[in-house]
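Here is how the chains run, residue by residue.
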Amino acid sequence: MKHKQNISLKPYPTVNSQLVIEDMQASTFWSLQDMSWMKIALKLARQGAERGEVPVGAILVHNQQIIGQGFNEPIGRHDATAHAEIVALREACARLKNYRLPLQTTLYVTLEPCTMCIGALIHARVDRLVYAASEPRAGMVGSQINLPMQPFYNHAIEVHNGLCREHSSQMLKTFFRERRKAAKRKTI
Ligand SMILES: [Zn+2]
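Residues numbered from 1 in each chain as written. Predicted model: local features only at pLDDT ≥ 70, side-chain atom pairs only at ≥ 80, totals over all residues.

K.L.:
Talk me through the UniProt feature "active site" (unreviewed entry) in the protein; I want residue IDs and the actual numbers.
P.N.:
Here the UniProt feature "active site" (unreviewed entry) sits at E85. Residue placement: E85 occurs in helix 5 (residues 84-96). Note on E85: 31 C-beta atoms within 10 Å, which makes it buried. Beyond its immediate stretch of four places on either side in the chain, E85 contacts A58, L107, V109, P113, C117, A120 and L121. (UniProt positions renumbered as here; feature names shortened; annotations may be inferred. Helix = DSSP H or I, 4+ residues; strand = E, 2+ residues; numbered from the N terminus. Buried ≥ 20, exposed ≤ 12 C-beta atoms within 10 Å, placed from the backbone. Contact = placed C-beta atoms within 7 Å.)

Shown next, in the form of structure tokens:
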């Protein structure tokens, strides 16, 4: 985890930044609850970045309560499956002592989920997915393929995206820019 120690992270935009305000004003679609939940997911993403992990945060909400949360943490956990969504799902399932989540559970995540995470959301019976930024390379909710819309699954997920998109994108861009700089410094 050499790169983890050598990254000098610049301060990330806070959740109260102008970016978030602009994001929120750009849409009248989202409820105040949606906005406040995504702000928490963004805070979690930032916690990941502070540990040298790609900044992605996720929370699971049921009955206006957080039942699971997590940030992307494969390096720290030595676990390739420790994406934010999976960490949140595991926490919720362990807490509720059930491998399936209750009806009307929403996952808020700051980045479009990958193949593995969409599979896990379907298995856990998450009802609604709200994600912030798109992931053009490996996003499986429209960027490459729209997995949740495939007819062969026996569970459908309602999907919305774009809430706090700009804020999440900026956080990811800053992270990768700093990581490239750190890698360059090491080779000089
Ligand atoms: Zn994933």
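K.L.:
I'd like a description of the sheet that holds strand 2 (residues 65-71), backed by residues and values.
P.N.:
Pairing between the strands of a sheet comes from backbone hydrogen bonds, and it takes one of two forms, parallel or antiparallel. Pairing in this open sheet of 5 strands is mixed, and the strands run 2-1-3-4-5 from one edge to the other. In this open sheet, the two strands that pair with only one neighbour each are strand 2 and strand 5 (158-161). Here the average twist between neighbouring strands, direction ignored, is 15°. Pairing geometry for strand 4 (residues 128-133) and strand 5, over 4 bridges, is parallel. If you follow R128 over to strand 5, its bridge partner there is E158. Packed on one face of the sheet, helix 5 meets strand 1 (57-62), strand 2 and strand 3 (105-111) and runs near 140° to strand 2. (Pairing = 2+ DSSP bridges. Axes fitted to C-alpha atoms, helices over the stretch in contact; angles between N-to-C directions.)

K.L.:
Describe the pairing of strand 1, and please don't skip the residues or the numbers.
P.N.:
Counting buried residues along strand 1, 5 of its 6 residues qualify, which places the element largely inside the surrounding structure. In this structure, the hairpin formed by strand 1 and strand 2 is closed by a connection of 2 residues, where N63 is found at a positive phi of approximately 50°. As judged from the 5 bridges shared by strand 1 and strand 3, these two strands associate in the antiparallel manner. The residue bridging A58 from the neighbouring strand is V109, located in strand 3.

K.L.:
Help me get a handle on the packing of helix 5 against helix 6 (residues 115-124), residues and values and all.
P.N.:
Contact geometry of helix 5 with helix 6 gives a least axis separation of 10 Å together with a crossing angle of 20°. The angle between helix 5 and helix 6 falls in the class roughly parallel. The chirality of how helix 5 crosses helix 6 is left-handed. Where helix 5 abuts helix 6, its residues E85, I86, L89 and C93 lie against C117, A120, L121 and A124. (Parallel < 35°, antiparallel > 145°, perpendicular 65-115°, else oblique. Left-handed = near helix turned anticlockwise from the far one by under 90°.)

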